[in-house]
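Working through the structure, step by step
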Amino acid sequence: AAETKELPDYVSWKDADKLIMHTEQTLEMKRGAGGTSVITPNEEVYIRNNLPSPDESIVADRDAWEVSIEGVNDPRTLTVGELKNIGIETVATVLQCSGNGRGFYEHETSGSQWLTGAAGCILWSGVPVRKVVEELGGLADGGNFMTSTGGEQLPEGVEEKDIIVERSVPAEAMENAILAWEMNGDEMPLAHGGPLRMIVPGYYGINNVKYVKRVAFTEEETDAKIQASGYRVRPVGVDGAPDQPSMWEMQVKSWVTHPLKDSESGRVQIYGVAFGGDKPVEKVEVSLDGGESWQDASFIGPDLGRFAWRPFLLTADLEPGDYVITSRATDSDGNVQPESTEPNHRGYDYNGWDRLAVEVTVV
Ligand code: MSS
């Protein structure tokens, strides 16, 4: 998967040199791409599509795109044009695939063998969902979950519930959620969910439904397969089921993005990214000896809020030798990134600092 192939049409505008193409529907950002200025450029942000991308025609008249809002006292279908008139807010979030790090597990897993690059830090602009709910008379009774439906055209002859991208999150997530039409200052690219995308800060990628056509406050979680049995954390060999934890809030994580290769001795800038998932990241430590000893790193760049990641830096004076460089983040609740991650059937979110380490020879 590692060699560069020609990018498919819907992402032809992306920076092929910075990406690894696993399949036409899954592109990973190379480790070390993305830069140190907090925000990941759109050209480098990973792609994960469970279904083929919709046709370009859905972004021809962006303001005309419709989303139906249900489970409120005054349910209505609103256009993007109308949403733009209700309110605007901007939020920075880490967008990370549930399977980011799958390639670090030792057990056999199906799905893209992502390493660190199914993640980016992005500024989204749109209308706060809570403002839309307010505008439509508030939540109706029994709205326990916020259920978002993707606008893909489904192929004929398949059971809709088996393939539709429809995700439920606890209704409280609405407090921070945004219906976004802008990504890092550009109109939302089709590949990332234009004309309109549900952004659920602090939650795994799958909950950030693209080309969203329906937002319903529902009593129960959707019975769509992608929710009922997909994206469920369970032991290796066990089938997915609704009583297992869903891939909702993200966990504390960090990794080094430089140096990745052999280095010259003397002063070396060691940096990477760290985030707390749905909590702020408080601290990052760096180890040069595979976790034997740790030193505090400092954060660089502006703090864009608790859902963003923070680039970190440790300046070290390195003698010639072999180093195993890794990082360990702590969130504001004191959760520390673990040494290794328990295997789970689908290989979700590997956050162990052991296998996220890089081996560097200094000469
Ligand atoms: N949405 C829709 N509509 N469809 C699809 O497919 N996918 C998911 C999300 N959303 C989808 C959606 C996933 S799964 C992810 S990660 C994300 O998205 C991604 O994003 P981008 O923009 O990067 O591509 Mo895993 O957890």
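Residues numbered from 1 in each chain as written. Predicted model: local features only at pLDDT ≥ 70, side-chain atom pairs only at ≥ 80, totals over all residues. Heavy atoms only, no water.

**Digging into the sheet that holds strand E18 (residues 298-299)**
Taken together, the four strands give an open sheet; going across it, the order is E14-E15-E19-E18, and neighbouring strands pair in antiparallel fashion. With one partner strand each, in any of the chains shown, strand E14 (253-258) and E18 form the two edges of the open sheet. In the sheet, E18 pairs with strand E19 (residues 310-318) via two bridges, with the strands oriented antiparallel. Across the sheet, the residue bridging to Ser 298 is Leu 313, located in E19. (Pairing = 2+ DSSP bridges. Helix = DSSP H or I, 4+ residues; strand = E, 2+ residues; numbered from the N terminus.)

**So, the side chain of Asn 100**
Note on placement: Asn 100 falls in the loop between strand E6 (89-96) and strand E7 (119-128). In this structure, Asn 100 is in contact with Trp 114, Leu 115, Thr 116, Gly 117, Ala 118, Ala 119, Lys 253, Trp 255, Asp 349 and Tyr 350, ignoring residues within four places of it in sequence. (Contact = heavy atoms within 4.5 Å.)

**Brief notes about the packing of aromatic side chains**
Two numbers describe a pair of aromatic rings. These are the distance of the centres and the angle of the planes. A complete count under the given rule lists nine aromatic pairs for this structure. In textbook terms, an aromatic cluster arises when at least three aromatic residues are bridged by ring pairs, as seen for Phe 104, Tyr 105 and Tyr 350. Directly above the aromatic system of Trp 294 lies the positively charged group of Arg 328, at a separation of 4.1 Å from the ring centroid. (Phe/Tyr/Trp six-rings, centres within 6.5 Å; stacked < 30°, edge-to-face > 60°. Lys NZ or Arg CZ within 6 Å of the ring centre and 35° of its normal.)

**Remarks on the confidence of the model for the protein**
Taken as a whole, the protein shows an average pLDDT of 97; of its residues, 99% reach a score of 70 or greater. Among the prediction metrics, the complex's ipTM stands at 1.00, with pTM recorded as 0.98. (pLDDT = per-residue confidence, 0-100.)

**Re the nonpolar core**
Ranked by internal contacts, the top residues of the largest apolar core, which has 34 residues, are Leu 83, Met 146 and Leu 179. When residues of this core are traced back to their parent elements, those giving at least two are strand E4 (66-70), helix H1 (80-83), helix H2 (129-135), strand E8 (145-150), strand E10 (178-183) and strand E13 (212-218). When neighbours within four sequence positions are excluded, Leu 179 is seen to be in contact with Ile 69, Leu 83, Gly 126, Val 127, Val 129, Leu 196, Arg 197, Met 198, Val 212 and Val 215. Core analysis: the next-biggest nonpolar cluster, separate from the first, contains 25 residues, Tyr 105, Val 165, Ala 224 and Ala 308 among them. (Core = buried A, V, L, I, M, F, W, Y, C linked by side-chain atoms within 4.5 Å. Buried < 20%, exposed > 50% of the residue type's maximum accessible area, 1.4 Å probe, protein only.)

**Structural notes on the sheet that holds strand E3 (residues 47-48)**
The sheet built from three strands is open, its strands ordered E1-E2-E3 with antiparallel pairing. The sheet is open, and its two borders are formed by strand E1 (19-23) and E3, each paired with just one other strand. Summarising the sheet, strand E2 (residues 26-29) and E3 pair through two bridges and their orientation is antiparallel. From the neighbouring strand, Thr 26 faces E3, where its bridge partner is Arg 48.

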